[in-house]
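Read off the chains here:
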Amino acid sequence: MQTIGVIGAGQMGAGIAQVSAQAGFRVILADVALDRAEAGKAGIAKALARLVEKEKIAEDDRDAALASIEPVGSVAAMGDCALVIEAATEREAIKRAIFADVGKVLGADAILASNTSSIPITRLAQAAPDPARFMGVHFFNPVPVMGLIELIRGLATADATVAAVEDYAKALGKQVVRANDAPGFIVNRVLMPMLNEACFALGEGVATMQDIDLACQLGLNHPMGPLTLADFIGLDTCLEITRVLFEGTGDPKFRPAPLLVKYVEAGWFGRKAKRGFYDYSGAVPVPTR
Ligand code: 3HC
């Protein structure tokens, strides 16, 4: 059984660890401190317990998946991983420091992949132990529910690296798409302008928050309206990716909506901050405008 290393036990990292364990991989789940990695595993235990309650998985499968996840407080334990996926905070300096650390223990054939949603893979590869064995593997939130993984190759990524990560992604039961290393890759290149435009529409008084969301939800058959989805992703993340699109292409069509900037400056980052376009402090989200 192959061992997968996951660095970062937050929402994305825990999701990646969960689906990897459910697919039969042994998983080493690392965070900056052991208690954070353990908290990530505790979240996975809850998610798996819900799946048992709903009779989606058997208790034995839950127990096997949980037993195959080892939480650790450093990347030093990743020496026998065939693939290490970095799913840490979306800050380049943090990712570079992680690559330097994991580079000290990574096996000679092991692959390092980043779940970055926006940082150019070719640039990140410069900090990886071997750019030929480095690439982007972009999961979507919530990882256990979303059926897609984007694979992004940098300029130096070897064909064998892409093929191995594609095999892993398919073993998780996900569909894969291959994207070139262009700002936003595929999904965020298309999604973020829509979310940003919803912010422009709200700021310009085109309609109320609820009507913008309802219009897109029912008129486009999307599971969530764009403002609800922006809150779900995190308004800071949406702004960050929109800026990558704007700066990476130099095209003014990607300029961030002033209202989005204002919400982020207010610290209203969305669901995780309990306040974004909606207020999440009560049982039901309430529009803030
Ligand atoms: N983890 C695991 N399962 C979850 C979950 C979570 N966080 N949230 C919901 N689910 C499951 C539920 O258990 C339920 O499963 P069931 O059908 O087997 O009972 C199913 O998903 C549907 O959930 P709910 O009935 O509670 O609610 P919804 O029908 O509203 O679905 C949703 C919730 C799946 C989040 C849906 O609203 C959705 O798909 N929204 C859009 C999500 C999206 O677009 N994600 C991509 C964001 S972009 C991104 O990640 C890229 C990054 O770079 C920015």
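Residues numbered from 1 in each chain as written. Predicted model: local features only at pLDDT ≥ 70, side-chain atom pairs only at ≥ 80, totals over all residues. Heavy atoms only, no water.

### With respect to the pairing of strand S7 (residues 148-153)
Then, number 1: Bridge analysis of strand S6 (residues 134-138) against S7 gives 4 bridges, and the strand direction is antiparallel. In the sheet register, Met135 faces S7, and the bridge partner there is Arg153.
Then, number 2: Here S7 runs beside strand S8 (residues 175-179); their pairing, made up of 5 bridges, is parallel. Its bridge partner lying in S8, Ile152 is registered against Ala179.
Then, number 3: Taking the sense of rotation as the criterion, the β-α-β connection linking S7, helix H6 (residues 159-171) and S8 turns out right-handed. (Pairing = 2+ DSSP bridges. Helix = DSSP H or I, 4+ residues; strand = E, 2+ residues; numbered from the N terminus. Right-handed = clockwise from strand over helix to strand, strands pointing away.)

### So, the layout of surface pockets
Then, number 1: Volume-wise, the second largest pocket comes out at about 640 Å³.
Then, number 2: Lining the second largest pocket we find 26 residues, and of these Gln18, Ala47, Arg50, Pro142 and Pro144 sit closest to its centre.
Then, number 3: Of all the secondary-structure elements, those providing two or more residues to the lining of the second largest pocket are helix H1 (11-22) and helix H2 (34-53).
Then, number 4: No other element matches H2, which puts 8 residues into the lining of the second largest pocket.
Then, number 5: When grouped by side-chain class, the residues that make up the lining of the second largest pocket number 14 nonpolar, 8 polar and 4 charged. (1 Å grid on protein atoms, 1.4 Å probe; cavity = no way out; pocket = protein on both sides within 12 Å on 5 of 7 lines; lining within 4 Å. Points joined across faces, edges and corners; volume = space filled by probe spheres on them. Nonpolar A, V, L, I, M, F, W, Y, C, P; charged D, E, K, R; others polar.)

### Considering the site of the ligand
Then, number 1: Lys54, Lys56, Ser117, His138 and Asn141 are the nearest of the 15 residues found near the ligand.
Then, number 2: His138 is positioned such that a nitrogen or oxygen atom in its side chain is 2.7 Å from an oxygen atom of the ligand.
Then, number 3: A distance of 2.8 Å separates a nitrogen atom of the ligand from a polar atom in the backbone of Asn141.
Then, number 4: Coverage of the ligand by the protein amounts to 58% of the 1,000 Å² it exposes when considered alone.
Then, number 5: Residue assignment for the shell around the ligand shows that the elements contributing at least two residues are helix H7 (187-203) and helix H9 (226-233).
Then, number 6: Its residues placed into classes, the shell around the ligand shows 9 nonpolar, 4 polar and 2 charged.
Then, number 7: When residues of the shell around the ligand are assigned to domains, at least three fall in each of domain 1 (3-179) and domain 2 (189-277). (Near = heavy atom within 4 Å. Polar contact = N/O pair within 3.5 Å; in protein donor to acceptor, adjacent residues only side chain to side chain. Areas by Shrake-Rupley, 256 points an atom, 1.4 Å probe, with all protein chains shown as cover. Domains from an automatic or database assignment.)

### Section: the domain arrangement of the protein chain
Then, number 1: Per the domain assignment, the segments making up the protein chain are domain 1 (3-179) and domain 2 (189-277).
Then, number 2: The straight-line distance from the C-alpha centre of domain 1 to that of domain 2 is 27 Å.

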